[in-house]
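Summary of the model geometry
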Amino acid sequence: MPKESPEIFLSGIKLSRKSSEPLYAQLYAQLREMIIHGRLRAGDRLPAGRTLAEELGISRVIVSQTYEQLTIEGYLIGKTGSGTFVADTLPDHLLHAGKLKVVSPKPKKEPVVNINESTVRLPASSTENEIVPFHLGVPSLDSFPFKIWHQIGNKVLKDLKKQNLGYNNTLGYWPLRKAIASYLRLSRAVQCEAEQVIIVTGAQQGMNLVAQCLLKRGDKVCIEDPGYFGAASAFANAGVEMCPVPVREDGFDVDYAQATYKNIKLAYVTPSHQFPLGYTLSQEKRKQLLAWAEANDTWILEDDYDSEYRYEGRPLPSLQGLDTCGRVIYCGTFSKVLFPALRLGYLVLPSAEMVQGFKKIKQIIDTQPPLMEQLILCSFMEEGYFLRHIRKMRLLYAERLNTLLTLVKDQLSEFLTPNTSQSGMHLLCWLSDDIDAAKLKAEVRKEKVFVSFPSEYTIQHHMPPSITLGFPAFTKYRLKLGVEKLKVCMERARK
Ligand SMILES: Cc1ncc(COP(=O)(O)O)c(C=O)c1O
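Note that the coordinates shown come from a computational prediction; the quantities given were computed from them, not determined experimentally. (Residues numbered from 1 in each chain as written. Predicted model: local features only at pLDDT ≥ 70, side-chain atom pairs only at ≥ 80, totals over all residues.)

**Quick word on the overall build of the protein**
As a reminder of what qualifies: Starting at the N terminus, helices and strands are each numbered in turn, a helix being any DSSP run of H or I of at least four residues and a strand any DSSP run of E of at least two. Counting other C-beta atoms within 10 Å of its own, a residue is labelled buried from 20 upward, exposed at 12 or fewer, and partly exposed in the gap between, with every C-beta atom placed from the backbone. Think of it this way: build a C-beta for each residue from its backbone, and any pair within 7 Å is a contact.
From N to C terminus, the protein includes 15 helices and 13 strands. With the C-alpha coordinates of the protein rotated into their principal frame, the extents come out at 85 × 60 × 50 Å. Across the 495 residues that make up the protein, the buried fraction comes to 39%. Sequence-distant contacts in the protein: of pairs separated by 6 or more residues, those separated by 24 or more amount to 72%.

**Remarks on the domain arrangement of the protein**
The test is simple: As used throughout, domain bounds are those supplied by an automatic or database domain assignment.
Along its sequence, the protein is carved into domain 1 (23–97), domain 2 (143–387) and domain 3 (390–492). For domain 1 and domain 2, the distance between their C-alpha centroids amounts to 54 Å.

**Some thoughts on the site of the ligand**
Let me state the cut-off plainly: For each residue, a C-beta atom is placed from the backbone, and the residue is labelled near a molecule or strand when this atom is within 6 Å of it. The classification used treats Ala, Val, Leu, Ile, Met, Phe, Trp, Tyr, Cys and Pro as nonpolar, Asp, Glu, Lys and Arg as charged, and all other residues, Gly among them, as polar.
For the ligand, the set of nearby residues contains 14 residues, the closest of which are Gly202, Ala203, Gln204, Thr333 and Ser335. For the shell around the ligand, the per-class residue count stands at five nonpolar, eight polar and one charged.

**So, the pairing of strand 5 (residues 241–248)**
In plain terms, the rule: Strand pairing is assigned whenever DSSP detects at least two bridges linking the two strands. With strands facing away from the observer, any crossover in which the path from the first strand over the helix to the second runs clockwise is taken as right-handed.
In terms of strand pairing, strand 4 (residues 220–225) meets strand 5 through six bridges, oriented parallel. The partner of aspartate 225 across the bridge, within strand 5, is proline 246. Between strand 4 and its parallel partner strand 5, the chain crosses via helix 8 (residues 229–237), and the hand of that crossover is right-handed. Across two bridges, the pairing between strand 5 and strand 6 (residues 251–252) is antiparallel. Bridging across to strand 6, valine 247 finds its partner in phenylalanine 252. Taking the residues that link successive antiparallel strands as the turn, the strand 5-strand 6 hairpin has two residues.

**Digging into unusual backbone geometry**
The linkage connecting proline 133 with the following residue, phenylalanine 134, adopts the cis geometry, with an omega of 10°. A cis amide bond links aspartate 225 to the next residue, proline 226, at an omega of 10°. Mapped onto the secondary structure, proline 226 falls in the loop between strand 4 and helix 8. Backbone geometry at threonine 367 places phi at a positive 60°, although glycine is not the residue there. Mapped onto the elements, threonine 367 comes out in the loop between helix 11 (352–366) and helix 12 (371–382). The phi dihedral of lysine 448 is positive, around 60°, even though this residue is not glycine. For lysine 448, the position within the fold is in the loop between helix 14 (437–447) and strand 13 (466–470).

**Details of the packing of helix 6 (residues 174–188) against helix 12**
Inclusion rule: Between the N-to-C directions of two axes lies an angle of 0 to 180 degrees, each axis being a line fitted to C-alpha atoms and, for a helix, fitted only over the stretch in contact. Should an angle lie under 35 degrees it is considered roughly parallel, over 145 roughly antiparallel, and from 65 to 115 roughly perpendicular; all remaining angles are considered oblique. A crossing counts as left-handed when the near helix is turned anticlockwise from the far one by less than a right angle, and as right-handed when that turn is clockwise.
Across the interface, helix 6 lies against helix 12 with an axial gap of 9 Å and an inter-helix angle of 40°. By the criterion of interaxial angle, the relationship of helix 6 to helix 12 is oblique. Two packed elements cross with a definite hand, and for helix 6 against helix 12 that hand is left-handed. Contact residues: Pro175, Leu176, Ala179 and Tyr183 in helix 6; Gln374, Leu377, Cys378, Met381 and Glu382 in helix 12. Grouping the constituent residues of the contact of helix 6 with helix 12 by class yields seven nonpolar, one polar and one charged.

**Concerning helix 3 (residues 60–72)**
For an α-helix the count is 3.6 residues per turn, leaving residues at separations of three or four pointing the same way. Applicable threshold: Working rule for helices: expected span equals 1.5 Å times residues minus one. The arc in question is the one spanned by the directions pointing from the helix axis to the C-beta atoms.
In this model helix 3 runs 18 Å from its N-terminal to its C-terminal C-alpha over 13 residues, within 8% of the 18 Å that 1.5 Å per residue would give. When helix 3 is considered as a whole, its buried residues turn out to be Ile62, Val63, Thr66, Tyr67 and Leu70. The arc enclosing the buried residues of helix 3, seen along the axis, measures out at 130°, which places them on a common side. Residues of helix 3 that are exposed and point more than 90 degrees away from the buried face comprise Val61 and Ile72.

**Focus: the pairing of strand 9 (residues 328–333)**
Most of strand 9 sits out of view: six of its six residues are buried. Side chains Val328, Tyr330 and Gly332 project from strand 9 onto one buried face, and the interleaved Ile329, Cys331 and Thr333 project onto a second face that is buried too. In this structure, strand 8 (residues 299–303) lies alongside strand 9, joined through four bridges in parallel fashion. Looking across to strand 9, one finds that leucine 301 is bridged to isoleucine 329. In terms of strand pairing, strand 9 meets strand 10 (residues 345–348) through four bridges, oriented antiparallel. If you follow threonine 333 over to strand 10, its bridge partner there is glycine 345.

**Some remarks on the sheet that holds strand 3 (residues 197–200)**
Spatially, 3-10-9-8-7-4-5-6 is the arrangement adopted by the eight strands of the open sheet, whose pairing is mixed. The open sheet is flanked by strand 3 and strand 6, the only strands paired with a single partner.

Structure (structure tokens):
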């Protein structure tokens with residue numbers, strides 16, 4: 001049986017004792033009008049007679065009379081013991097009138113939303129619907145420890161105190177900031193104390209916050225080319241001048257940036273696992289980048305989005321860990337290690353003073369991140385489940401990457417040459433010369449295989465044709481089916 005809707009709160013009823021019309025007739029006309037215009041809809045439960053009478057300051061009898069009249073006319077139905085509801089089927093003449101939709105007033109002139117359409121690019125992929133091979137950047141959601149998360153969530157709700165319910169801290173829940181700082185110090189060699197951490201609703205908010213706090217219209221920003229356009233879009237929308245820098249096998253080309261641009265205000269980099277090419281910024285280039293930043297007062301925004309996933313050797317320390325002059329802003333996310341809808345990430349700023357400056361801007365954006373998720377995540381980290389989950393996922397993803405590499409080698413070697421990088425959440429493969437990339441794009445769309453094309457992430461620096469394949473979210477079986485479909489697409493896309 002469908003659940004009955006809760007009693008609604010009826011606003012907007014205006015009764016006048018000075019009017020020549022009796023109160024009963026005024027109330028009747030207004031309720032009827034609301035039903036005809038769709039403000040009140042089939043199944044909506046009206047307030048109890050006594051409640052509405054008290055709210056309107058009229059006698060209960062007036063409300064009962066009105067409800068009775070509307071019931072007789074077929075607009076309302078009374079259910080004994082449950083209340084009064086808007087009828088499912090309205091009188092015929094109303095249905096024919098075709099007026100049952102609320103029509104919102106339209107502005108005379110279509111308003112212009114302040115977005116720079118020519119440079120802002122929205123993500124092509126949404127995981128709202130089914131996640132299919134080889135969707136990019138999606139963790140294995142089937143392996144999420146739901147039971148533990150539920151247990152912690154239940155406990156958090158049970159222990160919720162009055163003091164948790166007001167405005168808390170703009171910078172995030174303090175114990176969570178401490179847990180993140182401790183994790184980053186140990187696992188990512190980030191030099192930080194909890195005072196330097198700001199909790200944001202995902203790395204995307206972090207990047208926007210950096211743009212709002214540090215960049216002015218016309219400032220120059222270096223971005224990797226190809227690169228993550230979530231970041232590029234945040235900067236573009238702040239009105240900065242975009243300065244694309246090519247990516248080599250040892251990462252962001254610092255020599256190119258140095259030789260080509262002057263007065264760079266900020267450089268955005270993904271040093272652990274370049275997005276989308278998967279390269280790692282070499283040690284030598286890290287030092288060169290930091291020296292350049294120091295000499296030019298340039299901010300470096302290090303996006304360490306999926307560095308937890310390194311499948312051979314030790315995890316690489318962060319670039320921030322090498323910074324001796326406080327130029328690196330470190331940005332991380334829980335979207336890849338836990339799940340994207342959690343919408344939690346963090347920024348680590350060079351100093352606690354700078355954090356206080358950011359706090360002022362953040363306060364006018366979102367006041368604070370939602371507390372409940374922070375409380376659950378904090379316990380999840382403090383009780384050791386977070387590290388355990390990462391370790392488990394690292395093993396699982398290494399296995400899935402191996403499966404994918406074997407499948408590509410066995411079935412797609414005439415079309416693809418995979419990159420050898422043993423890290424991250426996607427595999428880069430170079431397309432062979434006899435594949436028409438445009439045809440392939442059309443074929444994968446038709447076959448509902450999700451393949452990304454790094455060339456779509458470029459601004460100015462063209463690169464040989466390639467594709468990226470996300471693998472963490474897919475079992476061996478699904479990877480196998482995905483590769484079979486991809487093979488069909490490849491065959492059809494030959495030149
Ligand atoms: C390189 C990179 N950085 C940042 C993000 C955004 O993370 P978040 O979900 O925390 O906004 C993504 C998401 O896919 C990404 O690929």
